[in-house]
Structures are given as C-alpha cells and as structure tokens.
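Observations on the three-dimensional arrangement
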Amino acid sequence: MSNVERIRVRAVARGAVQGVGFRYSARREAQKLGLGGFARNLPDGGVELEAEGSPEAVEEFIAWSRRGPIGARVDDLDAEDVPAVGEQDFTIRR
C-alpha cells in the first residue's frame, strides 16, 4: 500500500478516558484494524490518538473512538487529517 492509499488522523478524546484503559483498548482496536500510530495521555486529561492506514480502517477506528470502550466514556472527540508518515504499528506513548 502506498502513502497515497493511506490517511492519518489525529484525534483528541475528552471525558472519562484516562485511568480506565482507554489507550490500551484503542491500541487493541487499531491493531485489529491494521493501523499504525499511537495513543498518549495529555496533561489536561484528554487522550491524543493518531491512526494511520486505509481510509476505511481509519474511519472505523474513529467511529470506535467516539463510542469508547466499556468504562471509558468519551464526551467529545475532535479529529483532523494530518500527513501520513508510514507508521506500521500502533504504540502507547507517555
């Protein structure tokens, strides 16, 4: 897959998303969808997500992020397109 067929989206989730495994649930979901990128906590209590892959997989991941896993309620999720960088794995960053 070339970079032309890949998109990358940066999203910030707000709500009860820290301390309840949201980053790790996001990682499992991203890996299931074959996405690269990362999840990390933000100082203000949000979680930053960047996901890269096929447009369909990224769209599915963002839809999952809006729902949130059980116990991690997402009140708000702002997403924007950013340039793809070719990441092949999804990591947890501090």
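Residues numbered from 1 in each chain as written. Predicted model: local features only at pLDDT ≥ 70, side-chain atom pairs only at ≥ 80, totals over all residues. Heavy atoms only, no water.

Regarding the pattern of salt bridges
Stated formally: Basic side-chain nitrogens of Lys or Arg form a salt bridge, by our definition, when they fall within 4 Å of a carboxyl oxygen of Asp or Glu. By definition, any uninterrupted DSSP run of H or I lasting at least four residues is a helix, any uninterrupted run of E lasting at least two residues is a strand, and each is numbered from the N terminus. Only protein chains enter the accessibility calculation, which uses a 1.4 Å probe. A residue is then buried if its area is under 20% of the maximum for its type, exposed if over 50%, and partly exposed in between.
What the rule picks out here adds up to 11 salt bridges. The shortest N-O distance in the salt bridge between R8 and E87 comes to 2.6 Å. Of this pair, R8 sits in strand β1 (residues 7-15) while E87 is found in the loop between β4 (74-82) and β5 (90-93), placing the two residues 79 residues apart along the sequence. An identical accessibility class is assigned to R8 and E87; each is buried. Note that E48 is salt-bridged to R40, the shortest N-O span being 2.5 Å. Overall, the relative accessible area of 5% leaves E48 in the buried class. Linked by salt bridges that have partners in common, R6, R8, E50, E52, E87 and R93 make up one network.

Here's the deal with the packing of helix α1 (residues 22-33) against helix α2 (residues 55-67)
Defined as follows: Angles shown run from 0 to 180 degrees and are taken between the N-to-C directions of axes, each axis being a line fitted to C-alpha atoms and, for helices, limited to the stretch in contact. With respect to orientation, any angle under 35 degrees is reported as roughly parallel, any angle over 145 as roughly antiparallel, any angle of 65 to 115 as roughly perpendicular, and every other angle as oblique. By definition, any crossing whose near helix is turned counterclockwise from its far helix by less than a right angle is left-handed, and any crossing with a clockwise turn is right-handed. Only heavy atoms enter the contact rule, under which two residues are in contact if any of them lie within 4.5 Å. Each residue is assigned to one of three groups, with Ala, Val, Leu, Ile, Met, Phe, Trp, Tyr, Cys and Pro labelled nonpolar, Asp, Glu, Lys and Arg labelled charged, and all others, Gly among them, labelled polar.
The contact between α1 and α2 brings their axes to 10 Å, and the two run at 155°. Looking at the two axes, α1 sits roughly antiparallel to α2. The hand of the α1/α2 crossing is right-handed. In this structure, α1 uses F22, S25, A26, E29, A30 and L33 to contact α2, whose residues at the interface are A57, E60, F61, W64 and S65. By residue class, the composition of the contact of α1 with α2 is seven nonpolar, two polar and two charged.

Focus on the UniProt feature "domain: Acylphosphatase-like" (unreviewed entry) in the protein
Quick reminder of the rule: UniProt positions are given in the numbering used here, feature names are shortened, and annotations may be inferred rather than shown by experiment.
Within this numbering scheme, the UniProt entry marks residues 8-94 as carrying the feature "domain: Acylphosphatase-like" (unreviewed entry). A helix fraction of 29% and a strand fraction of 39% characterise residues 8-94, whose end C-alpha atoms lie 20 Å from each other.

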